[in-house]
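Read off the chains here:
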Amino acid sequence: MSFRVLSVSALLAGVVFSGSLQAETLVLYTSQPAQDAQMTVDAFEKANPGTKVEWVRDGTTKLITKLRAEMAAGVVKPDVLLIADSVTLEQLKKEGILAAYLSAQSKEYDPALFDKDGYYYGTKLITTGIAHHADAKQKPASWKDLLKPEYKNQVAMPSPLYSGAALIHLSTMTTNPDFSWQFYENLKENGASALKGNGSVLTAVASGTSPYGVLADYMAIREKAKGAPIEFVFPTEGVSLVTEPVAIMKDSKQPELARKFVDFVLSEPGQQLVLEQGYLPARNGMKTPAGFPERSQIKLLPFDAAKALENSETDKEGFSKLFN
């Protein structure tokens, strides 16, 4: 009899233990490069012993398409999203898909880098500036330098029809009274070409096919460190930025663990990881990676995620008509 009781007790203990393991599993959907995602997951698991993170990595557009298909089927798999841009998360917030969380870590961040209601938080600064071939005759310092006759037919840019960062850059520039749509019209008149994504611009600039380009900072800086003949400039007027925000799903099965993940990526150790990955940390007071100037020397242009979302289709249509 005692053996039977012991066996039942052991069985029940096993069920409880198994359930606790399941309760400590977090599901993450991320658009981070695979190596960066693995580093982030490993660091979080190390900081939270007994926790397991299952992660799915893909481009932001494909991830959101996957998420919507799962939701339509009545299944919500991810607890946390860590994806490229705030415009996408602004849309999910508008649809009531995200959970608000006021992280204590936010006091170490510029208010412009997170949603005031706590629906998402920027984790890094990926800026868009000007790249040029090391042997290019002109050395641009300003966005408006690209409009000069010396740059005619020599400037490439990513298309907002393909690149989320390019769409954010377009919104940032066209809603800024110092630039507006007139800036893009002048670029077109000066022979600037629209390629696909940032990768296409990087190839064009590094090869000299287009000596000048509008490009994401880390891509040029990393390639230069590898020996590529490319330079990156943070224009004097300022740069647009993508913040790779983190957000919690409203229907998360692990809300407490999800909040721990948000706190971790916003914490100093989490931001140190961003630094080691070669990006500008979003948290105040952090150092900058090799090849980057000090944060105080980088001017950020104002950006309104809600307005960018509202104007996104109109912006794409306007760009498409202008650049065929």
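Residues numbered from 1 in each chain as written. Predicted model: local features only at pLDDT ≥ 70, side-chain atom pairs only at ≥ 80, totals over all residues. Heavy atoms only, no water.

K.L.:
Which parts of the structure should I look at to understand the overall build of the protein chain?
P.N.:
Looking only at helices and strands, one finds 11 helices and 12 strands in the protein chain. At a minimum sequence separation of 6, the contacts of the protein chain that also span at least 24 residues come to 74%. Just so you have it, the protein chain exposes about 15,600 Å², and 54% of that area is on carbon and sulfur atoms. For the protein chain, the distance from the average site of its 34 positive side-chain charges to the average site of its 37 negative ones is 3 Å. (Helix = DSSP H or I, 4+ residues; strand = E, 2+ residues; numbered from the N terminus. Contact = heavy atoms within 4.5 Å. Areas by Shrake-Rupley, 256 points an atom, 1.4 Å probe, with all protein chains shown as cover. Lys, Arg positive; Asp, Glu negative; His and termini not counted. Charge placed at Lys NZ, Arg CZ, Asp CG, Glu CD.)

K.L.:
Would you explain the pattern of salt bridges in this entry?
P.N.:
Two side chains of opposite charge can pair, provided their charged atoms sit close to one another. Summed over all chains, the structure comprises 12 salt bridges. Residues Asp117 and Lys116 are paired through a salt bridge, measuring 3.5 Å at the closest nitrogen-oxygen approach. Lys116 sits in the exposed class, given a relative accessible area of 70%. Put simply, Lys93, Asp115, Lys116 and Asp117 are held in one network by salt bridges that share partners. (Salt bridge = Lys/Arg side-chain N within 4 Å of Asp/Glu carboxyl O. Buried < 20%, exposed > 50% of the residue type's maximum accessible area, 1.4 Å probe, protein only.)

K.L.:
In this structure, what is going on with the side chain of Thr128? I would like to understand it.
P.N.:
Along the chain, Thr128 falls in strand E5 (residues 124-133). On the basis of relative accessibility, which here comes to 5%, the residue Thr128 falls in the buried class.

K.L.:
Explanation requested: the packing of helix H9 (residues 255-266) against helix H10 (residues 268-276) in the structure shown.
P.N.:
Two packed helices can be described by the angle between their axes and the distance between those axes. Across the interface, H9 lies against H10 with an axial gap of 4 Å and an inter-helix angle of 60°. On the basis of their axis angle, the class for H9 and H10 is oblique. Residues Phe264, Val265 and Leu266 of H9 form the contact with H10, whose own contacting residues are Glu268, Gly270 and Gln271. For the contact of H9 with H10, a count of residues per class yields 3 nonpolar, 2 polar and 1 charged. (Axes fitted to C-alpha atoms, helices over the stretch in contact; angles between N-to-C directions. Parallel < 35°, antiparallel > 145°, perpendicular 65-115°, else oblique. Nonpolar A, V, L, I, M, F, W, Y, C, P; charged D, E, K, R; others polar.)

K.L.:
Looking at this structure, how should I read the sheet that holds strand E3 (residues 80-82)?
P.N.:
Hydrogen bonds between backbone atoms are what pair the strands of a sheet, whose relative direction is either parallel or antiparallel. Sheet architecture is open: 5 strands sit in the order E2-E1-E3-E11-E4, paired in mixed fashion. The open sheet has two edge strands with one neighbour each: strand E2 (52-57) and strand E4 (98-99). The strands touched by helix H2 (residues 34-47) within the sheet are strand E1 (25-30) and E2, with E2 carrying the most contacts at an inclination of about 165°. (Pairing = 2+ DSSP bridges.)

K.L.:
So what exactly am I meant to see when it comes to the nonpolar core here?
P.N.:
Within soluble globular proteins, side chains that are nonpolar tend to cluster in buried spots. Within the largest apolar cluster, 49 residues are counted, with the highest numbers of intra-cluster contacts made by Leu26, Leu215, Val246 and Phe261. Every residue in contact with Leu26, bar those within four places of it in the chain, is listed here: Phe44, Lys52, Val53, Glu54, Asp79, Val80, Gln254, Leu257, Ala258 and Phe261. Core analysis: the second largest hydrophobic core is formed by 21 residues, Trp143, Leu167, Tyr212 and Val233 among them. (Core = buried A, V, L, I, M, F, W, Y, C linked by side-chain atoms within 4.5 Å.)

K.L.:
Sorry if this is basic, but what is going on with helix H6 (residues 180-189) here?
P.N.:
Structural remark: α-helix, 3.6 residues per turn; residues separated by three or four positions point the same way. Of the positions making up H6, those classed as buried are Phe183, Tyr184 and Leu187. Taken end-on, H6 shows its buried residues confined to a sector of 90°, consistent with a single buried face. Where H6 is buried, its residues meet strand E6 (155-157), helix H5 (164-174) and helix H11 (305-322). Among the residues trailing H6, Gly191 stands out with phi positive, at a value near 85°. (Arc of directions from axis to C-beta.)

K.L.:
Can you help me understand the pairing of E5 in this one?
P.N.:
A regular strand places its side chains on the two faces of the sheet in alternate fashion. For E5, the tally of buried residues reaches 10 of 10 residues, placing the bulk of the element in the interior. Of the strand pairs in this sheet, E5 and strand E12 (residues 280-281) are connected by 2 bridges, and their pairing is antiparallel. Bridge pairing in E12 places Lys124 opposite Pro281. Two strands pair when backbone bridges link them, and E5 and strand E10 (residues 240-242) are joined in this way by 3 bridges, in the antiparallel orientation. When the sheet's bridge partners are listed, Thr127 is paired in E10 with Leu241. When E5 meets strand E8 (residues 212-216), the two strands line up antiparallel, connected through 5 bridges.

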